[in-house]
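Tertiary structure, described
The residues making up each chain are set out below.
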Amino acid sequence: MCGVTFSGNFRLNKPASRLASTEELLVQDWRCKLFWVVAASLLGAPLPLCAAPPNFGQIHIPRVSTPPKLEEFLDMSPSPAWEGKLAKVDAFIQRIPRDGQPVSQRTEAYLGYDSKNLYAIFICFDNEPQKLRARLSRRDDLIDDDSVEIMLDTFNDHRRAYTFLSNPLGVQADGLWTEGQGFDFSFDTVWDSEAKVTDRGFVVWFAIPFRSLRFSSTDPQTWGILLNRGIPRNNEDTFWPQYSSRITGRLNQEGQATGLEKISPGRNLQLIPYGIFRSFKELDLRDPFNPTYTQRDAYGQVGLDAKVVLKDKFVLDATANPDFSQVESDEPQVTVNQRFEVFFPEKRPFFLENSNYFQTPINLVFTRRIEEPKWGVRLTGKDGPWAVGMLVADDAAPGQEVPRNDPLADKHALFAIARISRDLGSQSTLGVIYVDRERDGYFNRVGGIDGRFKLNSNWVATFQGVVSSTLNVVDSNFLTTGAYQAGPAAEATLERDGRQLNIFMDYSDRSNDFRTLTGFDPQPDIHNFYERVQYLFRPEGKRLISWGPQIEVYHILDHEGNYLGSGYIPAMKMELTGQTFLTVLYAKEMELLRPKDFSVLTSNQQYVRHTTEFAFDTSYYRPVSFHFDYRFGTRVNYDPPVIPGPFPLIPFLAGRTSIATTLTLRPNKSLRIDNTYLLFRLHSRTGAIGGLNDDIIRSKWNYQVNRKLSFRFIGQYASVLTNPAFTSLQTAKGFNADFLITYLVHPSTAVYVGYNSNLENLLSPLQADSDGNLLHGTRFINDGRNFFIKASYLFRF
């Protein structure tokens with residue numbers, strides 16, 4: 001039997017002694033669990049549990065009459081006034097590199113609360129305090145720093161949690177953790193932190209207002225909790241209670257925090273008005289055959305963000321006339337000679353916050369499709385086992401991307417997205433999603449069902465099935481015809497996550513007529529079978545932490561039975577101390593191009609390409625981080641030169657060389673310099689004749705004067721140098737300079753002053769070819785600039 005009960009949670013008869021007993025309790029018959037998940041979801045009955053989450057640790061947090069202060073702990077112990085008045089945690093256990101071993105540096109945490117705040121004080125001893133990694137950086141940028149963290153699962157449902165972090169200088173980071181999806185650091189809220197480095201380590205003080213959290217109205221409260229200390233020079237991550245890499249999942253291993261009584265988030269209404277003064281010049285390509293410029297010398301703009309908390313369960317966010325001028329430009333990527341669209345992640349705060357409510361196995365919500373939002377409304381939250389996410393936004397961009405005489409000129413697109421999910425068992429969910437993009441009678445609508453099932457302590461399965469319905473504005477010949485398409489899509493994964501053996505299997509099915517205009521899913525008409533298996537040997541020595549082989553295999557077919565592609569990719573990976581990683585990889589891949597993919601083809605063409613890769617990452621030396629990735633082999637040239645006549649040149653196999661490297665320098669605690677160089681080169685396989693060189697050089701400088709004031713400069717040079725006998729691409733060069741001064745009181749109260757200028761080798765005056773593409777020359781001209789001063793202020797009621 002599997003311990004089924006309908007009337008209560010499965011209880012442990014004896015405490016779990018943490019690890020063998022815990023795994024024994026968690027590894028139940030997965031068939032039993034899957035049966036009850038399906039049965040309960042179909043019948044609407046309460047879900048019986050094959051195994052309830054074990055109690056990994058419990059702490060009673062006392063109420064305090066006065067707030068503790070950082071100064072009272074700087075002698076690396078509580079002052080006599082606090083002896084016995086705060087809950088103490090000191091049994092921190094490593095997750096990596098030595099799972100189950102005590103923390104290498106003594107660590108203590110003290111917890112208490114009053115009517116307004118939860119307080120956490122971390123006392124972190126260090127035998128070599130001179131080796132601490134602590135930089136005065138911008139908010140949410142704690143990469144490679146020593147840190148402490150508290151995670152709060154305020155609904156105690158093992159699905160989502162708030163996370164609050166600080167480095168030894170008090171620099172904050174906050175975010176949300178969603179089980180099965182990971183961290184979302186786009187979440188920002190108001191809380192306080194202070195810290196100080198001592199001659200024996202460092203001390204960090206947190207004060208987290210209850211009004212910055214969402215939780216139920218029950219009294220008393222029981223929350224899930226995890227405490228963490230990161231020691232990057234040792235590759236060390238330690239937790240209380242123990243969070244083992246031998247078990248899949250994080251919040252199923254959390255502790256229980258009790259004692260929280262007579263607390264409430266209170267009423268919470270936030271208004272964040274902003275004002276911006278700006279001047280700009282930019283390209284106007286609405287008539288691609290007569291390109292020109294649009295510019296304004298000076299004008300003002302106002303907008304408003306609002307947040308309302310409903311019944312302590314749901315959050316209603318709204319934005320009117322939003323502005324994202326301060327958002328950093330995209331990290332560079334190679335975009336030439338790509339068969340499919342290149343993915344650039346979302347960076348705008350309104351669309352990032354709570355985006356995890358809309359994440360499903362198939363990417364149906366890619367908010368960068370909303371290019372020029374004029375307004376947006378989002379509702380997210382949870383009531384019992386039900387989680388809800390809804391988003392509606394208006395996008396002006398589609399109407400600005402067509403000529404002024406087009407019937408769709410100035411017509412906005414409306415996006416509507418809704419997802420509802422229900423918790424099943426300890427960490428399984430079942431959900432439905434519907435997404436819709438409407439524009440002047442044309443539409444793209446997708447709806448379906450998805451689920452995530454925790455089978456046992458190591459195995460997780462997910463699935464999604466959807467159907468799309470599309471009335472197209474533009475058909476394959478770029479004619480406004482209103483052609484109708486409809487088709488299904490499906491995704492299923494099975495994943496094993498463990499300390500040594502890791503397995504990931506995925507099946508993707510996209511029909512020929514499946515489309516999502518709200519998401520990112522660039523290749524229709526496929527059956528894709530993918531598998532990755534990795535095994536790690538863990539000597540956990542003084543230098544070598546782990547090493548092991550990895551193998552990836554994939555097979556892609558279309559629905560007509562054509563074998564579109566396959567890959568066999570063995571690799572060897574190694575982890576060393578000092579955050580140092582090595583990877584050696586070889587790939588042999590086949591790719592089939594069809595006439596429907598490339599009009600110059602008259603029959604299917606098959607290509608076999610080879611790639612060898614060497615990758616190296618290290619932060620061994622405290623002021624320097626280095627990433628290096630070198631690849632060579634063969635690659636299909638998708639852009640062959642255009643040859644007039646009845647026998648056009650078809651895509652062909654070329655030699656390839658690529659380099660991606662980043663050197664990060666931190667000469668002092670305030671300055672960080674990130675230097676990136678990308679090279680992608682295609683050349684003849686029969687000699688050293690170059691055909692296409694894509695070079696990108698980017699340097700980002702960030703100087704943090706203090707925790708509020710910072711200066712940022714980004715300079716980026718990009719060039720595509722081409723041989724007309726090798727490729728149809730034009731030679732293009734550009735340089736962009738971006739300056740930003742930020743005074744950030746907290747995430748919503750800030751002042752920004754910025755300037756951006758772009759240079760490109762365009763002809764002057766602007767000219768376009770017969771296809772509407774801008775023609776390039778030999779000299780740089782300024783084709784865009786933007787200056788702005790922006791201020792926002794948080795009113796919190």
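Residues numbered from 1 in each chain as written. Predicted model: local features only at pLDDT ≥ 70, side-chain atom pairs only at ≥ 80, totals over all residues. Heavy atoms only, no water.

Of the regular secondary structure elements, the protein chain holds 4 helices and 39 strands. Taken over C-alpha atoms, the radius of gyration comes to 28 Å for the protein chain, in line with the 28 Å a tight globule of 797 residues would show. C-alpha extents for the protein chain along the principal axes are approximately 85 × 65 × 55 Å. Between the centroid of the 86 positive side chains of the protein chain and the centroid of its 90 negative side chains there is a distance of 4 Å. (Helix = DSSP H or I, 4+ residues; strand = E, 2+ residues; numbered from the N terminus. Rg over C-alpha atoms; globule rule 2.2 N^0.38 Å. Lys, Arg positive; Asp, Glu negative; His and termini not counted. Charge placed at Lys NZ, Arg CZ, Asp CG, Glu CD.)

Among the surface-exposed residues, Glu282, Glu371, Glu372 and Glu401 lie close enough to one another that they form a single negatively charged patch. By the element assignment, Glu372 lies in the loop between α3 (349–352) and β18 (373–383). A residue is classified by how much of its surface remains accessible, and Glu372, at 40% relative accessible area, is partly exposed. (Patch = residues over 30% accessible without salt bridge, like charges linked within 9 Å, V, L, I, M, F, W, Y side chains within 5 Å. Areas by Shrake-Rupley, 256 points an atom, 1.4 Å probe, with all protein chains shown as cover. Salt bridge = Lys/Arg side-chain N within 4 Å of Asp/Glu carboxyl O. Buried < 20%, exposed > 50% of the residue type's maximum accessible area, 1.4 Å probe, protein only.)

Direction of pairing for strand β22 (residues 442–454) relative to strand β23 (residues 459–471): antiparallel, over a ladder of 12 bridges. Directly across from Arg445, in β23, lies its bridge partner Ser469. Linking β22 to β23, which pair antiparallel, is a turn of 4 residues. (Pairing = 2+ DSSP bridges.)

On the surface, Tyr535, Phe537, Trp547, Met572, Met574, Leu582, Val584, Phe614 and Phe632 cluster together to form a nonpolar patch covering roughly 730 Å² of accessible area. Counting only elements with at least two residues in the nonpolar patch, the list comes to β28 (563–576) and β29 (580–593). Note that Phe537 resides in the loop between β26 (526–535) and β27 (544–557).

Glancing now at the confidence of the model for the protein chain. Looking at the protein chain, pLDDT values average 88 and 91% of them are 70 or higher. Averaged over each element, pLDDT in the protein chain is lowest for helix α1 (residues 20–26) (36) and highest for strand β6 (residues 147–153) (97). Across residues 1–53 the pLDDT falls below 50, and counting only partners more than four positions away or on other chains, this stretch makes 76 contacts in the model. (pLDDT = per-residue confidence, 0-100. Contact = heavy atoms within 4.5 Å.)

The tendency in soluble globular proteins is for nonpolar side chains to be buried side by side. Among the nonpolar cores identified, the biggest contains 37 residues, and Phe122, Ile150, Phe206 and Leu227 are the most heavily contacted of them. Mapped onto this core, the elements with two or more residues apiece are β2 (87–89), β4 (107–113), β5 (117–125), β6, β7 (160–166), β11 (201–209), β12 (221–231) and β14 (255–260). Every residue in contact with Phe122, bar those within four places of it in the chain, is listed here: Phe92, Glu108, Ala109, Val148, Glu149, Phe202, Val203, Val204, Phe206, Leu227 and Asn228. Phe351, Tyr357, Ala413 and Val466 belong to the second largest nonpolar core, which has 20 residues in total. (Core = buried A, V, L, I, M, F, W, Y, C linked by side-chain atoms within 4.5 Å.)

Residues Ile96 and Pro97 are joined by a peptide bond in cis, for which omega reads 0°. Here the bond from Ser764 into Pro765 is cis, since omega is 0°, no more than 30 degrees from zero. Position of Pro765 among the secondary structure elements: in the loop between β37 (749–762) and β38 (776–792). Unusually for a residue other than glycine, Asn337 sits at a positive phi of about 55°. Note on placement: Asn337 falls in the loop between β17 (314–320) and α3.

With that out of the way, let us pick up the pattern of salt bridges. For the coordinates displayed, the defined rule picks out 52 salt bridges. Taking the shortest distance from any N to any O, the salt bridge between Arg378 and Asp317 comes out at 3.2 Å. Note that Arg378 is positioned in strand β18 and Asp317 in strand β17, a separation of 61 residues in sequence. Given a relative accessible area of 2%, Arg378 falls into the buried group. Relative accessible area serves as the criterion here: at 5%, Asp317 is assigned to the buried category.

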